Amino acid sequence: MTKADDIAKRYEKKYGYKSSASGRFTPHTDVTPTGILALDYALGVGGWPEGTIIECFGPPDIGKSSIIGISGIIEAQKMGKMCGIVALEPGFDPKWAEKLGVDLDKLVIGWPDDGQEAFDMLFDYVMDDDIHFIVFDSVGAVLRPSEAGDKGKPSQGGQSALITWGVKRIQTPAWKRKKTVIFLNQIRDDMNSRIPGMVESPGGHALKHSAEIRIQLRPGKERYTAKVDGEDVTIGRQIVAVIKRTKKDEGSNKRAVFDFYSMETADAPFGIDHTEDVLVTSMRTGVIKRSGPTYYHASFPGGKLLGKAKVSDFFEASPAAVASIRIEVLQVMQDKKVIKPTFELVKEAVDGT
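Residues numbered from 1 in each chain as written. Predicted model: local features only at pLDDT ≥ 70, side-chain atom pairs only at ≥ 80, totals over all residues. Heavy atoms only, no water.

A.B. asks: What's the story with the sheet that holds strand S13 (residues 271-272) in this structure? I'm lost.
C.D. replies: Strands belonging to one sheet form pairs held by backbone hydrogen bonds; the direction of such a pair is parallel or antiparallel. Pairing is mixed in the open sheet, where 9 strands are placed in the order S5-S4-S6-S7-S3-S10-S11-S12-S13. If you trace the sheet from one side to the other, it starts and ends with strand S5 (107-110) and S13, each paired once. With 5 bridges connecting them, strand S3 (residues 53-57) and strand S7 (residues 180-185) associate as parallel partners. Bridging across to S7, Cys56 finds its partner in Leu184. Where helix H5 (residues 115-127) meets the sheet, its contacts fall on strand S4 (82-87), S5, strand S6 (131-137) and S7, and the angle it forms with S6 comes to roughly 160 degrees. (Pairing = 2+ DSSP bridges. Helix = DSSP H or I, 4+ residues; strand = E, 2+ residues; numbered from the N terminus. Contact = heavy atoms within 4.5 Å. Axes fitted to C-alpha atoms, helices over the stretch in contact; angles between N-to-C directions.)

A.B. asks: Before we go on, may I ask you to explain unusual backbone geometry in this structure?
C.D. replies: Most peptide bonds take the trans configuration, and most residues that are not glycine carry a negative phi. Of note, the bond from Asp137 into Ser138 is cis; its omega dihedral lies within 30 degrees of zero at 0 degrees. In this structure, Ser138 sits in the loop between S6 and helix H6 (158-176).

A.B. asks: So what exactly am I meant to see when it comes to the packing of aromatic side chains here?
C.D. replies: Aromatic rings considered in pairs are described by the distance between their centres and by the relative angle of their planes. Under the criterion given, the structure shown has 6 aromatic pairs. When the centroid spacing of 5.0 Å and the interplanar angle of 20 degrees are considered together, the rings of Phe119 and Phe136 count as stacked. On the criterion of sequence distance, the pair formed by Phe119 in helix H5 and Phe136 in strand S6 is long-range, its members being 17 residues apart. There is no split in this pair, since Phe119 and Phe136 are both buried. Look at Phe314 and Phe315: their rings are 6.3 Å apart centre to centre, the planes differ by 50 degrees, and that puts the pair in the tilted class. A connected cluster of aromatic rings, assembled from ring pairs, spans Phe119, Phe136 and Phe183. Its end group placed over the ring of Phe270, Lys99 keeps NZ or CZ at 4.9 Å from the ring centre. Between the NZ or CZ atom of Arg169 and the centre of the ring of Phe123, over which it lies, the distance is 4.1 Å. (Phe/Tyr/Trp six-rings, centres within 6.5 Å; stacked < 30°, edge-to-face > 60°. Buried < 20%, exposed > 50% of the residue type's maximum accessible area, 1.4 Å probe, protein only. Lys NZ or Arg CZ within 6 Å of the ring centre and 35° of its normal.)

In structure tokens, the structure reads:
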């Protein structure tokens, strides 16, 4: 035991359990997958780290609740975690969440009357031994108690002060108790910017400073439509997740691109297009190789499949293979390098030539 260990033990005895440690102490941190392999890879740690405050912000109807909040809850429940959501926005629909795959028996939903009650509820969730994954939906909807009684009379900085208090209150307990807290947020026009079209997330600077990971959702170039009762209806869109800040990996502004379908049709998936997500991310990292219409991977029958449709059918019929491919992708991430075997060697190994 080092001298630093002896000193840390002395202060731990004075201030309580795990109040201090030597400089070589490395806390064990688990992660909850985001439900999007491209985002797991871009985050650099494989998902949402426990004990971390996360902010996700974006324009209306981009899918913050479904893509980030509900997808995270689904993955957390797969790991056996009880989840909690503080729903300030009345738009949260348990039936919609269940349709996307949430187990409502493993979810606690709170509908607070105002922002004060919302942050009290959030603090209780963080301190609860049974709840481990928490979504706050949303920061932009926080209402000060006084606003409910004075016909919405504005008070400069009032909302930001409440959010600052609420976020600081849970920051250290969330870390010590290994709780993952995701704040969903909206965007506002930045009136102080000289550049037209610049936006910012509401709530002041406290949340920006406290969040170890900040992600901005943006619409991608692609939009998918289908004929419904003779009309062209948007059923899905491409989403771009930009990592604006992370303290868990090197660099920032990494991007994850994926598709999300908000309407169920016979020809398109519902929710996140996991097949496209896994395939594109695997090819990006070199785990799956492609030459023309042929895709190569050791788990494929004969080591190769002809055509994207065959790959999709294989993924749907072989969840164990998909899980294995996901692990390979995250291993590439962990090694901090992209697998770059020559295509000729891969082809020779598959063909046996």
